[in-house]
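# Fold and contact review
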Amino acid sequence: MRLVIHSDYEKASRWAARYIAGKINAQNKNKPFVLGLPTGSSPLGIYKEFVKMHKEGKLSFKNVRTFNMDEYIGLPPSHPQSYHYFMMENLFNHIDIDKKHVHMLDGMAKDLDTECRLYEEKITAEGGIDFFLGGMGGDGHIAFNEPGSSLVSRTRMKTLTMESRLANARFFEGNLDKMPTTALTVGVGTVMDSREIMLIVSGRAKSRALKAVIEEGINHMWTVSCLQMHPKAVIVCDDEATEELKVGTVNYFKDLEKDNL
């Protein structure tokens, strides 16, 4: 597992966006590039860079298929806090992707179990995910695979922990009563099946989780630690996120990546 450390969030986001853009541009045009995407504040810098590169003519999404990580149950796509709305506003409305190639879980589906099963089948039908971009919660979770989630889990319904609800309540006027308590999410196993995985991590609030993920063993209580088992995973972070890491660990990874920044 690679750890690429930048001085701040903006530089980390720019590097991550350009890395992914390079993968998209290098893809054989006879085969779509299948990209997994997250929501939340972590990827916003990457999405802004994607839009910038697209407007400059440096990046096209015409040959890209996307699958989002998660969606709240009970929020229609038109709801300002739904992840469908978030993706349209922050990325898809500003690039040249064909909307029929955008896949997002439906939190209003009548049969949620069937919705999850069909989502996995759609991923398989596209040949699997080439590259999954994700963020990490302060408790080390990925998507809505909260601490204790199975490391071989698939797309399913999950009850949100209080920590996740508190972290996201700011998007619901700080009112927990307005915050959904359940969501649909891809599983840890779904993410791990991807051919390449990248996480963007920033800020002191993530530093304890990053220490557990990098310096400790694989543990279902820190679900992102599963990346230790992936043959091609990279975590891109800023200096603040490394504050709990040992100095030797930070120096080791900075020395490894000094020619790639």
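Up top you'll find the structure we're talking about.
A quick note: this is a predicted structure, and the numbers were derived from the prediction, not measured. (Residues numbered from 1 in each chain as written. Predicted model: local features only at pLDDT ≥ 70, side-chain atom pairs only at ≥ 80, totals over all residues. Heavy atoms only, no water.)

### Brief notes about the packing of aromatic side chains
The final tally for this structure, using the stated rule, is 10 aromatic pairs. Considering the side-chain rings of Phe50 and Phe61, the 5.6 Å spacing of their centres and the 70° angle between planes classify their relative orientation as edge-to-face. Placement of Phe50 in helix H2 (residues 44–55) and of Phe61 in the loop between H2 and strand S3 (64–68) is noted, with a sequence separation of 11 residues between them. Judged by relative accessible area, Phe61 falls into the buried class, the value being 1%. Put simply, the rings of Tyr72, Tyr83, Phe144 and Phe172 pair up and form one aromatic cluster. (Phe/Tyr/Trp six-rings, centres within 6.5 Å; stacked < 30°, edge-to-face > 60°. Helix = DSSP H or I, 4+ residues; strand = E, 2+ residues; numbered from the N terminus. Buried < 20%, exposed > 50% of the residue type's maximum accessible area, 1.4 Å probe, protein only.)

### Things to note about the sheet that holds strand S7 (residues 156–159)
Taken together, the 3 strands give an open sheet; going across it, the order is S4-S8-S7, and neighbouring strands pair in antiparallel fashion. Two strands lie at the open edges of the sheet, namely strand S4 (70–72) and S7, each paired on one side alone. Neighbour-to-neighbour, the strand axes of this sheet turn through a mean angle of 30°, independent of strand direction. Here S7 pairs with strand S8 (residues 182–185) via 4 bridges, running antiparallel. Paired with Lys158 across the two strands is Ala183, which belongs to S8. (Pairing = 2+ DSSP bridges. Axes fitted to C-alpha atoms, helices over the stretch in contact; angles between N-to-C directions.)

### Remarks on the pattern of salt bridges
Enumeration over the complete set of coordinates arrives at 18 salt bridges. For Glu120, the salt bridge goes to Arg154, with nearest N and O atoms at 3.1 Å. Highlighted residues: Glu120 in helix H4 (residues 112–125) and Arg154 in the loop between strand S6 (131–134) and S7, separated in sequence by 34 residues. For Arg154, a relative accessible area of 35% translates into the label partly exposed. Between Lys254 and Asp239 there is a salt bridge; the shortest N-O distance is 3.2 Å. With Lys254 in helix H8 (residues 247–257) and Asp239 in the loop between strand S10 (233–238) and H8, the pair connects residues that are 15 residues apart, well separated along the chain. Exposure remark for Lys254: the relative accessible area of 36% places this residue in the partly exposed category. Residues joined by salt bridges that share partners form a network here, namely Lys23, Glu196 and Lys232. (Salt bridge = Lys/Arg side-chain N within 4 Å of Asp/Glu carboxyl O.)

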